[in-house]
Amino acid sequence: MAFDYDLFVIGGGSGGVRAARVAASEGGAKVGLAEEYRMGGTCVIRGCVPKKLMVFASEYREMFDDARAYGWDLEDGAFNWSKFSGRMRDELDRLEGIYRNLLTNAGVTFYDARAVLKDAHTVELSTGEVFTAKHILVSTGGHPTLPELANADLGITSNDIFLLKELPKSILIVGGGYIACEFAGILNGLGVQVTQYYRGAQILRGFDDEARGVVAEGMREKGVDLHVGTNIMQMEKRDGGIWIKSTTGRECTVDQVLFATGRTPNTAGLGLEEAGVEIGRWGEIVVDKYSQTNVPSIYAIGDVTNRISLTPVAIREGAAFAETVFKGNPVAPDHDLVPSAIFTQPEMATVGLSEEEARDIEKIEVYCSSFKPMQRSFAGRGDRALMKLVVSKETRKVLGCHIVSDHAGEMIQLVGIAIKMGATKEDFDRTVAVHPTISEELVTMKSPVRTT
Ligand code: NDP
């Protein structure tokens, strides 16, 4: 049977675009791609990229204060949201243009339309066009979800925050994950009065306990009014704001409520069930290690599969898919030892096992250093950095590294290489320190603080 395309990709985010480009330019495939919103997906349009620009913007407040401590005579300034957000939108337009050019240059035909599956080899676009394809790749990502709570729609999600016409004076952020904690720091830095409610005992569940503690303490010191063991019980529109009653009985009125209570894979209404594709308990597409679904012609990558929801992982999955299907070289994406950074303030980054995870598996040594970095300390700040290595007692391998510090994300990228190569504590020890830096602590920790 002759198909219209060798590959049709549904979703033009980082993963889908990478798969389409590799399949077309390296695999010689005829590729079509449909995107219903904007090319670039969550990461470029309403995630990592605008978020990081907002992190940069928000950090200037402390930098100006610190500059005075370093002898600079500066006048007090004010942050202009509309000026910044206008420039941010221009930057996103520019990046979207780059994504479109990359697809054009790779010879991919793309459609600004929603696509749904008609069967295992057919897609129908919202324009009414119907195409057949030998292979279909679903890379539709995910979306933020609101909790089941009366009047939850008075609140906004991370999708809306980049589009605000003006910044609220006060905001309540609900959640304790990546997005909640990152936006608490951003908005606090931009001068918004931030309250954060997290239902559990400590924010950033799943990360190393000690590192989470340092982040929470740092966020509070910088001005975030963080309440753990707390959730919204009631919310209503009142007196030009949103009135909240918490599960602990606390009442407050804020200008805005941001729900950062998790994300759900975009699988609804895509025709997946009709095509016989297995959907998991969290609404995700179930795939094997080559990202293939139970319907052999249909593959899925990225957040829609709910494996590790990070852009670089989706890109790896997209490239591995194209390598496997169009270059005759089966490659399973590697989900082990994925480094990541959480752009909280203070910033946190991690690779490998937390102390808690590692000690459930084997006997370990924990090396840890907590100190006031020179740059901040000179400016009179109490900020503390944390460097932590979790080491196997038996093999001496470093099983995990956790950093809370300025530039933690930059550091973990490099430590991640060593750990991925199987570096031992002794390999770290025989590496000479770079002085004076924050990261030198990683190679100068002599005695374990705890052993199991
Ligand atoms: P997370 O799953 O990380 O966090 C969701 C938070 O909401 C948790 O604290 C959860 O609590 C809480 N929550 C869930 N349901 C409710 C409810 N009904 N009421 C109150 N609280 C609730 O999701 P995010 O949306 O923050 O991020 C999604 C994913 O996006 C991340 O897992 C990550 O993979 C990715 N991401 C990565 C970033 C990075 O790399 N820097 C940045 C942003 C996102 P509990 O812990 O109790 O379940």
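Calculation criteria
- Residues numbered from 1 in each chain as written.
- Predicted model: local features only at pLDDT ≥ 70, side-chain atom pairs only at ≥ 80, totals over all residues.
- Heavy atoms only, no water.
- Salt bridge = Lys/Arg side-chain N within 4 Å of Asp/Glu carboxyl O.
- Helix = DSSP H or I, 4+ residues; strand = E, 2+ residues; numbered from the N terminus.
- Buried < 20%, exposed > 50% of the residue type's maximum accessible area, 1.4 Å probe, protein only.
- Axes fitted to C-alpha atoms, helices over the stretch in contact; angles between N-to-C directions.
- Parallel < 35°, antiparallel > 145°, perpendicular 65-115°, else oblique.
- Left-handed = near helix turned anticlockwise from the far one by under 90°.
- Contact = heavy atoms within 4.5 Å.
- Nonpolar A, V, L, I, M, F, W, Y, C, P; charged D, E, K, R; others polar.
- Near = heavy atom within 4 Å.
- Polar contact = N/O pair within 3.5 Å; in protein donor to acceptor, adjacent residues only side chain to side chain.
- Pairing = 2+ DSSP bridges.
- Expected span 1.5 Å × (residues − 1).

Enquirer: I'm lost on the pattern of salt bridges in this one. Help?
Expert: A side chain of one charge can pair with a side chain of the opposite charge when the charged atoms of the two come close. Enumeration over the complete set of coordinates arrives at 34 salt bridges. Put simply, K388 and E355 hold a salt bridge, and the shortest N to O gap is 2.7 Å. One end of the pair, K388, is in strand β20 (residues 385–392); the other, E355, is in helix α9 (residues 355–361), and 33 residues separate them in sequence. A single burial state applies to K388 and to E355, both of which are buried. With a shortest N-O distance of 3.0 Å, E365 and R396 are connected by a salt bridge.

Enquirer: So what exactly am I meant to see when it comes to the packing of helix α3 (residues 48–69) against helix α6 (residues 178–189) here?
Expert: Helix packing for two helices is described by the angle between their axes and how far apart those axes are. Contact geometry for α3 and α6: axes closest at 7 Å, N-to-C directions at 45°. Comparing the axis directions of α3 and α6 gives the class oblique. In this structure, the crossing between α3 and α6 has a hand that is left-handed. Residues K51, M54, V55, S58 and R61 of α3 touch α6, and the partners they reach there are E182, F183, G185, I186, N188 and G189. Of the residues that constitute the contact of α3 with α6, the class distribution is four nonpolar, four polar and three charged.

Enquirer: Help me understand the site of the ligand, please; the structure alone is not making it clear to me.
Expert: The immediate surroundings of the ligand are formed by 19 residues, with G176, Y198, R205, S309 and A341 found nearest. The contact in question runs from an oxygen atom of the ligand to an N or O atom on the backbone of G176, over 2.9 Å. Within the contact set of the ligand, an oxygen atom lies 2.8 Å away from a side-chain nitrogen or oxygen of R205. Looking at which element gives the most residues to the shell around the ligand, the answer is α6, with three residues. When grouped by side-chain class, the residues that make up the shell around the ligand number seven nonpolar, seven polar and five charged.

Enquirer: For this particular structure, what's the right way to read the pairing of strand β12 (residues 241–246)?
Expert: Regular strands have side chains that alternate between both faces of the sheet. β12 sits mainly inside the fold: five of its six residues count as buried. With six bridges connecting them, strand β11 (residues 232–238) and β12 associate as antiparallel partners. From the neighbouring strand, I232 faces β12, where its bridge partner is S246. Connecting β11 to the antiparallel partner β12 that follows it, the hairpin turn spans two residues, and D239 within it adopts a positive phi of roughly 50°. One ladder, built from four bridges, connects β12 with strand β13 (residues 251–254); its direction is antiparallel. What sits directly across from W243, in β13, is T253.

Enquirer: Would you take a moment to explain the pairing of strand β18 (residues 348–352) for this structure?
Expert: β18 sits mainly inside the fold: four of its five residues count as buried. In this sheet, β18 lies alongside strand β17 (residues 340–342) in antiparallel orientation, the contact comprising three bridges. What sits directly across from S340, in β18, is T350. Joining the antiparallel neighbours β17 and β18 is a turn of five residues.

Enquirer: What's the story with the environment of D112 in this structure? I'm lost.
Expert: As for its position among the elements, D112 is in the loop between β3 (109–111) and β4 (115–119). Here the alpha-carbon distance between D112 and C368, two residues 256 residues apart in the chain, equals 51 Å. Not counting the four nearest positions on each side in its chain, D112 is found in contact with E35, M39 and R100. Among the polar contacts made by the side chain of D112, one reaches the side chain of R100 at a distance of 2.7 Å.

Enquirer: Is there a simple way to explain helix α8 (residues 311–326) in this structure?
Expert: Because an α-helix packs 3.6 residues into every turn, residues spaced three or four apart end up facing the same way. Helix length check: α8 (16 residues) gives 22 Å between terminal C-alpha atoms against 22 Å at 1.5 Å per residue, within 8%. For α8, the buried fraction is high: 12 of the 16 residues fall into the buried class. Buried residues of α8: T311, V313, A314, E317, G318, A320, F321, A322, E323, T324, V325 and F326, and no others. Just beyond α8, the residue with positive phi is G328, at close to 65°.

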